[in-house]
Structure formats: C-alpha cells, structure tokens
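Chain residues, written in single-letter form:
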Amino acid sequence: MASSNLFVASVVVLFWSSTVLGQTSHSPVKYPLVVSTWPFLEAVRAAWRAVDDGSSAVDAVVDGCSACEELRCDGTVGPGGSPDENGETTIDALLMNGTTMEVGAVAAMRYVKDGIRAAKLVMDYTQHTLLVGEQASAFSISMGLAGPMNLSSPESIRKWVEWRANSCQPNFRKNVIHANSCGPYHPHGDASKVVGNSMDVNTDFNILEVPMPNSNQINRYNHDTISMAAGHIAVGTSTNGATFKVPGRVGDGPIVGSSAYADDEVGACGATGDGDIMMRFLPCYQVVESMRSGMDPKRAANDAISRIARKYPNFVGAVIALDKNGVHAGACHGWTFQYSVRSPSMEDVEVFTVLP
C-alpha cells in the first residue's frame, strides 16, 4: 500500500522595502516581492496586480489564492480535484495577517468552492481561528459565498471510478482488516467485529499493515496547496487535499505554522509536500523562528527540512523562506523543487529551481 496526493504550494508577497532576486542581497527597493511555490505563474501575476494596484496584504493573498482555485492549479487546488474515498472533493484553506497575527481557516469544507474567501470570512467576522466540515460550509454560505454546490468534476469522478476499479489502491489505511480492498475496514486484531458485522466466519480476510514510505508516490500533481504571503505581511493557503484520503482528513494546509506562517517583524514561509508528515513539525513556524534567531533564509529553510528528514528520511517536501528584507531561499528533500518570484526588476514571473 502506498500513499498518494499530499501537497502544498506557497505564494509570498512582501510590501516593505525588499532586496530582490534570489538568495543573496541586492540593492533594496521600495516595492513588493511575490514568491510562490511551484510555477503557479497566474497566481503570482494575480497577487502582483493586486499589490501593484495598492491592495492590502490580505487582499493580495486572497486574489492570488483565488486565481489558483479558479484555475484548479495542478488539479489539487480548488474544486474538481482530489476525491476522497467516497469520491467527494472538500476544501482546506488558511489566511494569516502577520501584523496582527489574526488567523482564519476552514478545513474539510464541503459544498463551497471558495476556500481562501471562506478563510477570510472566518478572520473578519468571528473571533475564532478554524471552522470545519459542514458547519464551515454553512457559515460561509450565510456570509455570502456561493453554495451549496457539488465540488466534484468529471475528472475527479473518473479518477475515483478508476481507483475503485483498482481495488481502491493506493490508499491511506494501515493495520486494518478488510474483506474487500475498498472496505469496510476494521482494526487489525478485532476479527470478531468483522465477522459480526460483515463477514461469514469462514470468509478469508486481508490485512493492510503499516506501509513503507514511498516517496515515488508523492509529487506536485497529487500533493498540492497554494499558500500565499503578502504585505506587512499576510499568508494564505488553499487546497483540496490528498487524493483518496480517508473522509474527514485534514492536512497541513489550514494548520498555521505548518503550511505557512508570517510575522512582519521577521519574514514569512510557505511549505509543500507530504502534509501528513510535515504538519508534525510545523516547518514554517520553525523557519520564521530560526530567522528571528539570526539565521538567513537559506539556513533556516535547510534547517527546517533537515529536522523532518532526520525522523522521516523518505519524506518528500520543501519550504520557501523570506526575511523582512525580501531575501528569499528554498530547501527541499526527496524531489527537485521549483518556486516562482515576481519583483519590480522583473518583466514577468521567474522560476527558481532548488535541488535536494
């Protein structure tokens, strides 16, 4: 059994004086810097237009993430992708204001396609940080977002049907008993419950044991979130999660400090990769705190990734780090990583490559 689809992408926008272009210092300029994990060019362009038009940091993040949701970046952002075991698409999203440290987030949200706008509603109109499930949907609709609607697409349904035809493999179950590869599943060691519920006593059953980590199953097309940071300073994420996840699964996308983090006194971070592993380490919080302690962005990024790799040498992931002066860097493990940058000195978005 191998895992599939756990990915986070990041966009970061800085409104302060910034040193731009890469991982070494350059002459500071009084303009914003936009950075995104992966070549999500249209998302970066949307965020850039927003900051260029004078929008706030938070609004620029929303515009950039919304562009990815509408475009269904890599099939794992926005509606129409990453079906769970039941064939349903759900949305996770986060928005953080690094000046006030306010956060709004939604997780496992059904029936509403606008994840980042829902997160903004949580930030703007509640004293809470995170709303989940159908109640997040009900709140978002009550505050004016479109819904309820079916978040599936012909592509996501086709993917799910093919997965079912392949005996529901790969999936995220472990240490369970099943009579059929597509379930129902019961805890290993509780065969009596299986017999009582769904099996004849003479029926053979199979055991799904702990899988060996398989980084070959994790890539940018099956583990994806857009995470964005803007201004003085805001960050945001949006994702439709892991393909064929156990229904109700929430990854690192809406978890502050994991997929993204920002503090205008220090800088910002965005992360991408195996969210179920990475969220155990809060890598973006670690990056920002390392920069607060004096590390440059490159060292801070490498340090956060190495902490995970020491415990999970087969994990796949990456982070981007930006300090408050606009110096940016990336670090990765298990794959070749790319991130996108737009600065005033560039005619268009440029893509940087980071090797493991």
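Labelled according to an unreviewed UniProt entry, the chain appears under the name beta-aspartyl-peptidase, originating from Acorus calamus. Turning to the chain, the UniProt record has this under Subunit (unreviewed entry): "Heterotetramer of two alpha and two beta chains arranged as a dimer of alpha/beta heterodimers." The record held by UniProt for the chain lists under Sequence similarities (unreviewed entry) the comment "Belongs to the Ntn-hydrolase family."

Caption draft 1: Representation of the state of the cysteines in the model. Inspection of the entire model under this criterion finds three disulfides. A sulfur-sulfur separation of 2.1 Å characterises the disulfide bridge that pairs Cys68 with Cys73. Residues Cys68 and Cys73 are joined by a disulfide whose S-S torsion is about -100°; by sign, that bridge is left-handed. In this pair, the class of Cys68 matches that of Cys73, namely buried. Here Cys168 pairs with Cys182 through a disulfide, and the sulfurs are 1.8 Å apart. Taking the sign of the S-S torsion, about 100° here, the bridge from Cys168 to Cys182 comes out right-handed. Of the two residues, Cys168 sits in the loop between helix H5 (154-165) and strand E6 (176-178) while Cys182 sits in the loop between E6 and strand E7 (185-187), which places them 14 residues apart along the sequence. The burial state of Cys168 is the same as that of Cys182; both residues are buried.

Caption draft 2: Seen up close, the environment of Gly81. Mapped onto the elements, Gly81 comes out in the loop between helix H2 (57-71) and strand E3 (91-97). Judged by its relative accessible area of 4%, Gly81 is buried. In this structure, the C-alpha to C-alpha distance between Gly81 and Ser156, residues 75 residues apart in sequence, is 5.0 Å. Contact partners of Gly81, with chain neighbours within four places excluded, come to Gly75, Thr89, Ser156 and Asn240.

Caption draft 3: A look at the confidence of the model for the chain. In the predicted model, the chain carries a mean pLDDT of 84, and the fraction of residues at 70 or more is 79%. Here residues 1-5 is modelled with pLDDT under 50, and outside its nearest four sequence neighbours on either side it reaches 32 contacts, counting other chains as well.

Caption draft 4: A look at the sheet that holds strand E13 (residues 317-323). On the basis of which strands lie adjacent, the open sheet formed by four strands has the order E11-E12-E13-E14 and antiparallel pairing. Two strands in the sheet have a free side with no partner beyond their single neighbour: strand E11 (260-263) and strand E14 (328-333). The sheet shows a mean angle of 10° between the axes of neighbouring strands, taken without regard to direction. Taken together, the seven bridges between strand E12 (residues 267-273) and E13 define a ladder with antiparallel strand orientation.

Caption draft 5: Local environment of the pattern of salt bridges. Considering all chains together, one arrives at 12 salt bridges under this definition. When the shortest N-O distance is used, the salt bridge between Arg173 and Glu85 registers 2.7 Å. In this pair, Arg173 is assigned in the loop between H5 and E6 and Glu85 in the loop between H2 and E3, connecting sequence segments 88 residues apart. Measuring nitrogen to oxygen at the nearest pair gives 2.8 Å for the salt bridge that ties Arg307 to Asp303. Taken as a pair, Arg307 and Asp303 lie in helix H9 (residues 297-311) at a separation of four residues, close to a single helical turn. Within this structure, Asp263, Glu265, Glu289 and Arg292 form a network of salt bridges that share partners.

What counts as what
Residues numbered from 1 in each chain as written. Predicted model: local features only at pLDDT ≥ 70, side-chain atom pairs only at ≥ 80, totals over all residues. Heavy atoms only, no water. UniProt positions renumbered as here; feature names shortened; annotations may be inferred. Disulfide = S-S within 2.5 Å. Buried < 20%, exposed > 50% of the residue type's maximum accessible area, 1.4 Å probe, protein only. Helix = DSSP H or I, 4+ residues; strand = E, 2+ residues; numbered from the N terminus. Contact = heavy atoms within 4.5 Å. pLDDT = per-residue confidence, 0-100. Pairing = 2+ DSSP bridges. Axes fitted to C-alpha atoms, helices over the stretch in contact; angles between N-to-C directions. Salt bridge = Lys/Arg side-chain N within 4 Å of Asp/Glu carboxyl O.

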